[in-house]
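# Examination of the molecular architecture
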Amino acid sequence: MLRNICAVILGLIAGMVFNMLIVMLSTVLYPMPEGVGFNDREGLAAYIETLPFTAFLMVMLAHLGQAFVGGWLAAIISRNAPMLVAMIVGSLSMIAGIYNLSTMPVPAWMWVEVPLYLLAAYIAAKITLR
């Protein structure tokens, strides 16, 4: 039980690190205007409005990668419930993703990623089980 709890926590941390690495790469490719940061909601919203389609694909990759990488690591760490811990990581990542999508002015098509969080975690667990 304790191993599975640690698997979920470490999976979430690894997934968030992956997510932030991709987001940081995105900000290198599509720099924010001078003086705008992630804590500046209005400036961030204006910046998001200017982003091209490929920037949103990178964000989607970051989000789904979080569920995949986190689910994969959690499944590796867990000995008796790899699918369960991977799906917990995927579910928690999905909840965070829904929150992010609902608070940011993103294109409506980005909502397609919501069920894909669970698919990414499921695939990660299946790969681990092989």
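A brief report on the enclosed structure follows. (Residues numbered from 1 in each chain as written. Predicted model: local features only at pLDDT ≥ 70, side-chain atom pairs only at ≥ 80, totals over all residues. Heavy atoms only, no water.)

### Remarks on the side chain of S26
Structurally, S26 is set in helix α1 (residues 2-29). Among residues more than four places away in sequence, those in contact with S26 are A55 and M58. (Helix = DSSP H or I, 4+ residues; strand = E, 2+ residues; numbered from the N terminus. Contact = heavy atoms within 4.5 Å.)

### Topic: a nonpolar patch on the surface
There is a patch of nonpolar side chains on the surface, built from F53, L57, W72, I76, W109, V112, L116, L119, Y122, I123 and I127 and spanning about 970 Å² of accessible area. If you list the elements that add at least two residues to the nonpolar patch, you get α3 (53-77) and α5 (113-129). Broken down by element, the residue count for the nonpolar patch peaks at 5 residues, all from α5. Residue placement: L119 occurs in helix α5. (Patch = residues over 30% accessible without salt bridge, like charges linked within 9 Å, V, L, I, M, F, W, Y side chains within 5 Å. Areas by Shrake-Rupley, 256 points an atom, 1.4 Å probe, with all protein chains shown as cover. Salt bridge = Lys/Arg side-chain N within 4 Å of Asp/Glu carboxyl O.)

### A look at the nonpolar core
Ranked by size, the top nonpolar core spans 17 residues in total, and within it M32, L44, Y47, I48, L51, F56 and Y117 carry the most contacts. When residues of this core are traced back to their parent elements, those giving at least two are α2 (41-50), α3, α4 (82-103) and α5. Broken down by element, the residue count for this core peaks at 5 residues, all from α3. The next biggest cluster of nonpolar side chains, apart from the first, holds 7 residues, and it includes L12, A74, I77 and V85. (Core = buried A, V, L, I, M, F, W, Y, C linked by side-chain atoms within 4.5 Å. Buried < 20%, exposed > 50% of the residue type's maximum accessible area, 1.4 Å probe, protein only.)

### Quick notes on the packing of aromatic side chains
The geometry of an aromatic ring pair is captured by two quantities: the separation of the ring centres and the angle between the planes. The final tally for this structure, using the stated rule, is 2 aromatic pairs. On the numbers, 5.1 Å between centres and 40° between planes, the contact of F53 with W109 is tilted. Of the two residues, F53 is situated in helix α3 and W109 in the loop between α4 and α5; the sequence distance between them amounts to 56 residues. On the accessibility criterion, W109 (34% relative accessible area) is partly exposed. Between the aromatic rings of F56 and W109, the centroid separation amounts to 6.4 Å while the plane-to-plane angle is 80°, which identifies the pairing as edge-to-face. A residue pair is termed long-range when its members are at least 10 positions apart, and F56 in helix α3 and W109 in the loop between α4 and α5 qualify at 53 residues. (Phe/Tyr/Trp six-rings, centres within 6.5 Å; stacked < 30°, edge-to-face > 60°.)

### Considering the environment of T50
Positionally, T50 belongs in helix α2. Note on T50: relative accessible area 60%, which makes it exposed. Only 2.7 Å separates the side chain of T50 from the backbone oxygen of Y47, close enough to count as a polar contact. (Polar contact = N/O pair within 3.5 Å; in protein donor to acceptor, adjacent residues only side chain to side chain.)

### Some details on the layout of surface pockets
By volume, the largest pocket is sized at about 650 Å³. Looking at the largest pocket, it is lined by 26 residues, and the ones nearest its centre are V23, F38, H63, N100 and M104. At the level of secondary structure, the elements contributing two or more residues to the lining of the largest pocket comprise α1, α2, α3 and α4. Ranked by the residues each element gives to the lining of the largest pocket, the list is headed by α1, at 6 residues. (1 Å grid on protein atoms, 1.4 Å probe; cavity = no way out; pocket = protein on both sides within 12 Å on 5 of 7 lines; lining within 4 Å. Points joined across faces, edges and corners; volume = space filled by probe spheres on them.)

### Considerations on the packing of α4 against α5
In a pair of packed helices, the angle between the axes and the distance between the axes together describe the arrangement. Look at α4 against α5: their axes get within 8 Å of each other, and the N-to-C directions meet at 160°. The orientation of α4 with respect to α5, classified from their angle, is roughly antiparallel. The handedness of the crossing between α4 and α5 comes out as right-handed. Taken together, the residues of α5 that come into contact with α4 (itself represented by P82, M83, A86, M87, G90, S91, S93, M94, G97, I98 and L101) are E113, V114, Y117, L118, A121, Y122, A125, K126 and L129. Looking at the contact of α4 with α5 residue by residue, the classes come out as 14 nonpolar, 4 polar and 2 charged. (Axes fitted to C-alpha atoms, helices over the stretch in contact; angles between N-to-C directions. Parallel < 35°, antiparallel > 145°, perpendicular 65-115°, else oblique. Left-handed = near helix turned anticlockwise from the far one by under 90°. Nonpolar A, V, L, I, M, F, W, Y, C, P; charged D, E, K, R; others polar.)

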